Amino acid sequence: MVALTGNAQNRLTIQTIDIAPNTTAIRSLDWDRDRFDIEFGLQNGTTYNSYLIKGDRIALVDTSHQKFRDLYLDTLKGLVNPKAIDYIIVSHTEPDHSGLVEDVLQLAPRATVLASKVALQFLENLVHDPFSKRIVKSGDLVDLGQGHEIEFVSAPNLHWPDTIFSYDRKTQVLYTCDAFGMHYCSDDTFDVNLEAIEPDFRFYYDCLMGPNARSLLNAMKRMGDLGNIHIIANGHGPLLYHNLDVLRECYQSWSQKQATSETIVALFYVSDYGYSDRLVQSIAHGIQKTGIGVEIVDITSAEVQEVQELSSRAAGIIIGMPPTSNVTAQAAISSLLAVAKSKQVFGLFESYGGDDEPIDTLRRKFIELGVREAFEAIRIKEAPDKTTFKLCEESGTDIGQLLVRERNIKQVKSLDVNMEKALGRISSGLYIITAQKGEAKAAMLASWVAQASLQPLGFTVALAKDRSIDSFLQIGDKFVLNVLEEGNYKELKKHFLKRLLPGSDRFAGVKTQTAKNGSPILTDALAYMECEVKSALECSDHWILYCTAQQGRVSNAEGLTAVRHRKVGNYY
């Protein structure tokens, strides 16, 4: 193993290790990265994984992020003479994997780039000099010699439209790039600690893979035709080996559940245009939290029939505005409008690409067809930041909650009346959870709170999956639990139950102080505790969060905690 340390402040290191015969992993470890694509918070950093296969001919699978340029290229030169590299396999062209392709090509001018047709189109805009290239698709083979025969698998929309997998028949290593990855940085090359990586593995799936569940199932079906898979060499986090079967089954079951959802929202966008990729992922994440299915399609690479079929069966349609010059996208949207129905709902967002199609023109067309607008059109006048992505996530949650409402009403009506009345007799207190990350703040009225331990002092909170505050309550996050006072809580309760437009200031008009952990304290609360999320348990439509309290204070020693009494157990 070789580790080269770069910028100590940002803790960027390189790890190289042999993972199979003639096969070396080059892992760029980004220990301190706390955001990915701005919108997704990271607790444990991330890695960018690249691989070198040496047969009679040499192949490099993916590269690294630009921030690792010197470290990565120096490491690569120490492993092989770059001029000897015959092939560069580009699994997909997102910058965290292909950011150094142009640099490697300058060192390896005779190398041929192997990638999907869409990926090569993207690369031609990224690499400024001509380069040797070859389109590969499912079933194509490249023989590196010494038994290293590489078979390719087309895996579009995981999570970009240009993705391919590569399988080495000799070592039985499958190179999957983003799929089966996680944002988790450690010295462990492989998945030796399932308990440690499982939350990040699931969070990564929910954010990036879940919205493409049907595409993922198709890719996994093709994986089954490859034969035995000994290692999954992913693009982020530890490689899958020790718990490979367990984690493959997780992907299978999660994707089947997502793909068989009765109600889905179709998200159409133009990949690699403006901020559309990041914005659409944020909206999809918000929708998924409500239990509604999501399917994401790049309208420039999809067939017209595919666009119309998905639009016909979707309950909701969301479109990221394409460039005015993209004729293919315009045709796809016209075909979509031809099958839109009045019982559907729609939403639109600008891509901030510099040449966006006017949003109002398309909005009027939907309204003229009788299609309801699920959320106010997202207009972006400056480069998106955390607040913008939060707005997108909340808009996604809004459309999901709108679509799920009728289904929930039917389920409530089917409950046993006596049973739901009995359950409603379980009483609870009233609390408000407040949190802050950077400039973004969030709050939630909570009643399902209960002490759970004495050493350390800990409690549990039941958090509905569709709550927008969930991104502030990941494992390791800090927050404040504000206790409401009996006889003095109605104004606070009313304020924090008020439904606001996405992006509105939840704390406007409320007196607050700042806790040591950075979260708001409600001045009019009976008591407060500064807390940290330690673990989470998934329970159908809620997460059960186990949290510890670090410090706190009571403002009125004679005050009593406000109590919530219910008559039935099918709502809060």
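Considerations on a nonpolar patch on the surface
Thinking step 1. A cluster of nonpolar side chains, M419, L423 and I426, forms an exposed patch at the surface whose accessible area comes to about 270 Å².
Thinking step 2. Its place among the elements puts I426 in the loop between α13 (417-423) and β21 (428-429).

Thoughts on the pairing of strand β22 (residues 431-437)
Thinking step 1. Within β22, five of the seven residues are buried, which leaves the element mostly enclosed by the surrounding structure.
Thinking step 2. Note: β22 against strand β23 (residues 440-446), seven bridges, orientation antiparallel. Looking across to β23, one finds that T434 is bridged to A443.
Thinking step 3. The antiparallel pairing of β22 with β23 creates a hairpin that spans two residues between the two strands, and G438 there sits at a positive phi of about 65 degrees.

Here's the deal with the pattern of salt bridges
Thinking step 1. The tally for this structure, following the rule as stated, stands at 24 salt bridges.
Thinking step 2. Between D103 and R69 there is a salt bridge, and its shortest N-O distance comes to 2.8 Å. Linking D103 in helix α3 (residues 101-107) with R69 in helix α1 (residues 69-79), this pair joins segments that are 34 residues apart in sequence.
Thinking step 3. Note that E538 and K465 form a salt bridge whose closest N and O atoms lie 2.6 Å from each other. Placement of the pair is E538 in strand β29 (residues 527-539) and K465 in the loop between β25 (458-464) and β26 (478-483), with a sequence separation of 73 residues.
Thinking step 4. The exposure class of E538 is partly exposed, given its relative accessible area of 31%.
Thinking step 5. Several salt bridges converge on common partners, so that one network encompasses R202, D206, K465 and E538.

Here we look at helix α9 (residues 304-313)
Counting along an α-helix, one turn takes 3.6 residues, and residues three or four places apart therefore face a common direction.
Thinking step 1. Those residues of α9 not exposed but buried are V307, L310 and S311. Around the axis of α9, the buried residues are gathered within 100 degrees of arc, so they sit on the same side.
Thinking step 2. Contacts from the buried residues of α9 go to β16 (264-269), β17 (293-298), β18 (316-320) and α10 (327-337).

Focus on the packing of helix α5 (residues 194-209) against helix α7 (residues 244-259)
Thinking step 1. Running from amino to carboxyl end, α5 crosses α7 at an angle of 35 degrees, the nearest separation of the two axes being 12 Å. Here α5 runs over α7; the crossing is right-handed. Where α5 abuts α7, its residues L194, I197, F201, R202, Y204, Y205 and M209 lie against V246, L247, C250, Y251, W254 and S255.
Thinking step 2. The residue inventory of the contact of α5 with α7, partitioned by class, reads eleven nonpolar, one polar and one charged.

Quick notes on the rules
Throughout, a residue's number is its position along its own chain's written sequence, starting from 1. Totals for whole chains, interfaces and linings use every residue, but because this is a predicted model, local features are given only for residues with pLDDT of at least 70 and side-chain atom pairs only at 80 or more, for both listing and counting. Only hydrogens and water are set aside; all other atoms, that is, all heavy atoms of the structure, feed into the side-chain values. Like charges within 9 Å and nonpolar side chains (Val, Leu, Ile, Met, Phe, Trp, Tyr) within 5 Å are joined into patches, using only residues over 30% in relative accessible area that form no salt bridge. Here, Shrake-Rupley sampling with a 1.4 Å probe gives the accessible areas, and only protein chains in the shown set may cover a residue. Salt bridge criterion: a side-chain nitrogen from Lys or Arg within 4 Å of a carboxyl oxygen from Asp or Glu. Helical segments are the DSSP runs of H or I of at least four residues, strand segments are the runs of E of at least two, and each set is numbered from the N terminus. For every residue, the accessible area obtained with a 1.4 Å probe (protein chains only) is divided by the maximum for its type, and the residue is called buried under 20%, exposed over 50%, and partly exposed between those limits. Whether two strands pair depends on DSSP finding at least two bridges between them. The arc under discussion is defined with respect to the helix axis, by the directions toward the C-beta atoms. Two residues form a contact once any of their heavy atoms are found within 4.5 Å. Convention adopted: a line fitted to C-alpha atoms gives each axis, helices being fitted over their contacting stretch, and angles between N-to-C directions are expressed from 0 to 180 degrees. Helix crossings fall into two classes, left-handed where the near helix is turned counterclockwise from the far one by less than a right angle and right-handed where it is turned clockwise. Residue classes follow a fixed rule: Ala, Val, Leu, Ile, Met, Phe, Trp, Tyr, Cys and Pro count as nonpolar, while Asp, Glu, Lys and Arg count as charged, and any other residue, Gly among them, counts as polar.

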